[in-house]
Amino acid sequence: MLRSAPLLVFALAAAQVACATGSELAPGPRDDEGPAVVSIGSPDDDSATTALAPSEAPAAPATAAACAAPSAVCGGACVRLSDDAANCGACGRSCDGTACIAGRCAPSSVVTLAKGVADLDVARGIVFVSDGVTPAVLLPGTRTPVKLPDLGGITSGFRVVGGLVAFADAAAITTVDPAGGATQPLFSGRHAPRIAGFTLGLLDWVEAAPERGEGHERLLVGDVYWHDHGVVAESPEPIAFVSSVYYSTYFVTASGKVFRALRDTSPEGNAPPTVIAELDGAPAAFAATYGLVAWARGGEPYLRGLSTRTQEAYTSPRLAAAPRLLLSDEAAVYFTVEDPAGTTVYRVSPSEPTPRSMWTTTDRLTHLRADDRALYFATTAGTVWRLLK
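Positions within a chain are numbered from 1, following the residues in the order the chain's sequence is written. Only residues with pLDDT of at least 70 get local features here, since the model is predicted, and only at 80 or more are side-chain atom pairs given and counted; chain-wide, interface and lining totals rely on the full set of residues. Derived side-chain values reflect all non-hydrogen atoms in the structure, with water molecules and hydrogen atoms excluded from consideration.

Quick word on the packing of aromatic side chains
Any pair of Phe, Tyr and Trp rings, taking the six-membered ring for Trp, is counted once the centres come within 6.5 Å. Such a pair is stacked with planes under 30 degrees apart, edge-to-face with planes over 60 apart, and tilted for the rest. Summed over all chains, the structure comprises nine aromatic pairs. Where F158 meets F167, the ring centres are 5.6 Å apart and the plane angle is 40°; that geometry is what we call tilted. Taken individually, F158 and F167 each receive the classification buried, so the pair is uniform in this respect. Aromatic ring contacts, followed pair by pair, group F128, F158 and F167 into a single cluster. Type-normalised accessible area, obtained with a 1.4 Å probe on protein chains alone, sets the label of each residue: buried when under 20%, exposed when over 50%, and partly exposed for intermediate values.

Some thoughts on the environment of I154
Each helix is a run of H or I in the DSSP string that is no shorter than four residues. Each strand is a run of E no shorter than two, and both are numbered from the N terminus. Following the sequence through the fold, I154 ends up in the loop between β11 (146-147) and β12 (159-161). Sequence separation between I154 and D169 is 15 residues; the distance between their C-alpha atoms is 7.6 Å. Ignoring sequence-local partners within four residues, the contact set of I154 consists of P135, F167, A168 and D169. In this description, contact between two residues means that some pair of their heavy atoms is separated by no more than 4.5 Å.

Section: the pairing of strand β9 (residues 126-130)
Counting buried positions along β9 gives five out of five residues, so the element sits mostly inside the fold. Alternating residues of β9 divide into I126, F128 and S130 and V127 and V129, and every residue in both groups is buried. Strand direction decides the pairing type here: strand β8 (residues 119-123) and β9, joined by five bridges, are antiparallel. Its bridge partner being in β9, L120 is matched across the sheet by V129. Adjacent in sequence and paired antiparallel, β8 and β9 are bridged by two residues, among which R124 carries a positive phi angle near 55°. At least two DSSP bridges between two strands are required for those strands to pair. Sheet topology places β9 next to strand β10 (residues 135-138); four bridges connect them, and they run antiparallel. In the sheet register, V129 faces β10, and the bridge partner there is A136.

Take a look at the structure:
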């Protein structure tokens, strides 16, 4: 049945655990070293090339009458929202130690992997990273990766689930405690499962359904706290993408059919999913937020989608190139666009349908993830960056 997951408090040890010699997992650059050459804002904004360095706001006038735009009175003081790190773009919006540039918080480096980033996931400030050889976790407030124990050669496909890290092997989904390394089966007796996502205490995964025929797959959802699970949908063809919002899940099959279904763990199963769109083949990327499902087609310089409220089609203005990485949370869809100058991360939502630039870098991005406060990017140079939403 549908239910809210109980509130669990995970007490994670903050002890620093050194990585094994030769693991080539190293902490990211210190904040005072500054990030690499990146820019904030749209590519056409002259301020986008401003160096990422802390700025010092002038002495604030004591009265609101003397506080002229674009400054604002915050906490009784006149501050410049364009470069005040404690009030960046709005009163009370702190940049958590990074600079405020043109009203936006600059990204901060999290970690750099010498061999590059092969897998990345985040939740509640816990960052999972892997270089394809060594899986590791950074606990909140730390900058040194904690190596996970040997997991039978599995180094990718992980998801941060509450205070634990979940991974799948050929027959089960298992969790590992990053604080102590203990493993525990979560859902056993599966058929080649692959984890698709985690939200509201519910884990989505896709697994093979060989008893129903070759190529058949099923989408399941499991409550990680109560350990019960249910089948969301059966598909006669492979499932290419899954994206969940609250208690609804959206998935796309290999032929391009987009379905909506209820995330219900009851043993009697869910109602049959509903087809909400039929595309010309599976898209290159897909994500769903509250009120909007969005997708990208290879080589097409547009983000396309469908309003789940009005059933109206959505098409973005023409972009510099085809969207590549797509990610969503409950409020928006985020995507990347690469051009010869670098990569830009955009945000779009039902209330803000015109894509808004959030960050531009001269590097290429390999992964895009998010938790409730920030976006995380991995670059081809092996650095993971954190950018407040």
